[in-house]
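# Understanding the architecture of this molecule
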Amino acid sequence: MQQRKSFAGVAVLSLALAVFSSACGDDDEKDPQNTPDSGTPDSGTPDSGTPDSGTPDAGPVTTVSDADIALARFNTDGTLDTTFGASGTTRVDLSTVAGGTKDAVWGLAADGTNRLVVFGSRRGEGDRVDADRVVVRFSANGARDTTFGTEGVYTLNVSNLSDGARHGIVQTDGKIVASGYTSQPTGAGTQAANRIVLLRLDDAGKADNTFGWKGVVNSAPFGAVNPPTNPEWGMAEAYAVGQFRDGSYVTTGYGRSASSGTVDVVNFKYSATGERDLNWGSNGIALLDLVSDNDRGRNLLVLNDDRVCTVGSATPVAQKISALVFMLDKNGARDTTFNTEGYKLYDFERPEQAFFGVAKSADGNWVAAAGYRAGGSEDDDGVLAIIPVGGSGTEVFKAAPISETDHDRFWSVAFDASNRVYVAGFVTEGGDNKMVVARYTTAGALDTTFGTGGVVKHNFIVGKTEEAVRGIVVQSDGKIVVAGTADK
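Reading guide: rules and limits
- Residues numbered from 1 in each chain as written.
- Predicted model: local features only at pLDDT ≥ 70, side-chain atom pairs only at ≥ 80, totals over all residues.
- Heavy atoms only, no water.
- Helix = DSSP H or I, 4+ residues; strand = E, 2+ residues; numbered from the N terminus.
- Polar contact = N/O pair within 3.5 Å; in protein donor to acceptor, adjacent residues only side chain to side chain.
- Contact = heavy atoms within 4.5 Å.
- Pairing = 2+ DSSP bridges.
- Axes fitted to C-alpha atoms, helices over the stretch in contact; angles between N-to-C directions.
- Phe/Tyr/Trp six-rings, centres within 6.5 Å; stacked < 30°, edge-to-face > 60°.
- Buried < 20%, exposed > 50% of the residue type's maximum accessible area, 1.4 Å probe, protein only.
- Lys NZ or Arg CZ within 6 Å of the ring centre and 35° of its normal.
- Salt bridge = Lys/Arg side-chain N within 4 Å of Asp/Glu carboxyl O.

## What about the side chain of Asp81?
Mapped onto the elements, Asp81 comes out in the loop between strand S1 (67-74) and strand S2 (89-92). Within the structure, the side chain of Asp81 is placed 2.7 Å from the side chain of Thr83, a separation counted as a polar contact. Ignoring anything within four residues of it in the chain, the contact list for Asp81 reads Arg73, Phe74, Asn75, Ser87, Gly88 and Lys479.

## Describing the sheet that holds S2
Strands sit in the order S2-S1-S29-S28 across an open sheet of four strands; the sheet is antiparallel. With one partner strand each, in any of the chains shown, S2 and strand S28 (467-474) form the two edges of the open sheet. Going across the sheet, the axis of each strand differs from the next one's by a mean of 20°, ignoring polarity.

## Observations regarding the sheet that holds strand S6 (residues 153-156)
Taken in spatial order, the four strands of this open sheet run S3-S4-S5-S6, and their pairing is antiparallel. Of all strands in the sheet, those with a lone pairing partner are strand S3 (104-110) and S6, marking the two edges. Each neighbouring strand pair of the sheet contributes to a mean axis angle of 20°, computed without reference to strand direction. Two strands pair when backbone bridges link them, and strand S5 (residues 131-138) and S6 are joined in this way by four bridges, in the antiparallel orientation. Along S6, the bridge assignment pairs Val134 with Thr155.

## Here's the deal with the packing of aromatic side chains
With the rule as written, the count across this model stands at 12 aromatic pairs. Seen in terms of ring centroids, Phe222 and Phe268 are 5.7 Å apart; in terms of plane orientation they differ by 80°. Their pairing is edge-to-face. One end of the pair, Phe222, is in the loop between strand S10 (216-219) and strand S11 (235-236); the other, Phe268, is in strand S14 (residues 264-270), and 46 residues separate them in sequence. The two residues Phe222 and Phe268 agree in class, both being buried. An angle of 75° between the planes, with centres 6.0 Å apart, marks the rings of Phe348 and Phe397 as edge-to-face. Residue Phe348 is found in the loop between strand S19 (343-346) and strand S20 (352-360), and its partner Phe397 is found in strand S23 (residues 396-399); the two are separated by 49 residues along the sequence. Overall, the relative accessible area of 4% leaves Phe348 in the buried class. The partly exposed category is assigned to Phe397, whose relative accessible area is 44%. Here a set of aromatic residues connected by ring pairs shows up, and it is made of Tyr346, Phe348, Phe355 and Phe397. Directly above the ring of Tyr239 sits Arg166, whose terminal nitrogen or CZ lies 4.6 Å from the centroid. Note that Lys344 overlies the ring of Phe338, its terminal NZ or CZ placed 4.7 Å from the centroid.

## A look at the pattern of salt bridges
Per the counting criterion, the structure on display carries 28 salt bridges. With a shortest N-O distance of 3.4 Å, Asp277 and Lys269 are connected by a salt bridge. A residue is classified by how much of its surface remains accessible, and Lys269, at 12% relative accessible area, is buried. In this structure, the salt-bridge partner of Asp381 is Arg373, at a minimum N-O distance of 2.9 Å. In this structure Asp381 comes out as buried when scored by relative accessible area, which is 3%.

## Describing the environment of Glu467
Mapped onto the fold, Glu467 is located in strand S28. When the C-alpha atoms of Glu467 and Gly484 are compared, they prove to be 7.2 Å apart, with 17 residues separating the residues in sequence. A polar contact is formed between the side chain of Glu467 and the side chain of Asn459, at a distance of 3.4 Å. A distance of 3.4 Å separates a polar side-chain atom of Glu467 from the backbone nitrogen of Ile461.

## Overview of unusual backbone geometry
The phi dihedral of Asn283 is positive, around 55°, even though this residue is not glycine. Following the sequence through the fold, Asn283 ends up in the loop between S14 and strand S15 (285-288). The phi dihedral of Asp306 falls on the positive side, at around 75°, and the residue is not glycine. With respect to the helices, strands and loops of the structure, Asp306 is situated in the loop between strand S16 (296-302) and strand S17 (308-317).

Written out as structure tokens, the structure reads:
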């Protein structure tokens, strides 16, 4: 494994270039660098006739998006912290191919010294149009950390196939684990399907050879149907990864064991060195399927007692997608102390609702989930749930629109040391997308000491449609850092 060199540790990849264009997996992003985070499908497949992440927020995209990784930091009162980066912001352009390319961001994490780690993707080099996964590290104050990887960046190219980079974590020992998926040939004719891809780096930004094959786990967890005569498998993705106290990992996403059809929420456990744990859950799988319709895991965290909290969406009835919180115990069984069925559905009175962000409080007593509601011929709104998971407290869930007339959505959420809740995403105002952060109490009330009435809006460039927060962290001094993409 080398930066910007093909990963060829899996034998089936020898067929990849010949078949990739003819049959992509169910949820593969053929050209993720050219689709705005805040308006077109985040991963390609409709839940019920509309894109996963809604309808365009500011009209059809008529030009090729050319967006950079963008970070900003705010003081505890919501003002821009001008000591961060260049007068409060940092931008990094990783894709400089002529014609416009998009650097995508999916998540942000901070390590024990407040250094910032961005998880995302960039366009492949030269004339390639596929996407490579990237992990980028910055200093606590927003400078690119050139001691990490190559000039602050680690790039993973899986045999010139588009990498569906997703969320990641920083371990207490400084190692970094990134989740995602890649569409690869199944060995059945020209069919391809999505496989889980996990990447682990050491603190210096080099592949950790003690994990998987040279730092990478490439996994088709549903396996072959009838090898060797029918090596076809289903599909599975890892939207997020979390770590148990013993060092093992759990993923969430969605998938299916069949070659086609609806998808289910799927969680898998991997050892600290990257092997599947087939004793966890049911034969190594924790699966949620409500009524044989599409159910999707979008993010997760591991609670202080090793319970696993997954958020996403589920379809309890046709044409109705509800926001979902799904709780497992440490053994992969449904946690019936959370709810009788181990999950809760949240109805914010729209046809499509989903949680994409999840966070826990430092004391482990609270979980917050953030997302959006869409459809019904109305503008999109951010939604929020604040859930007591230890000690006492009252659950709150609510629609939390930033604008009553334009689109807004939340993609990420975080707690500070005082258990205040920060939700972040974007708001569209007059066709101009702006990054947005709002602060709430655990009672669900806007904290009006933050920003303007509890809300901060930030515009990297006025009039652009590509501007949204995808990750948020609160540093140890209480300052708030957001990461996302911003148009040039």
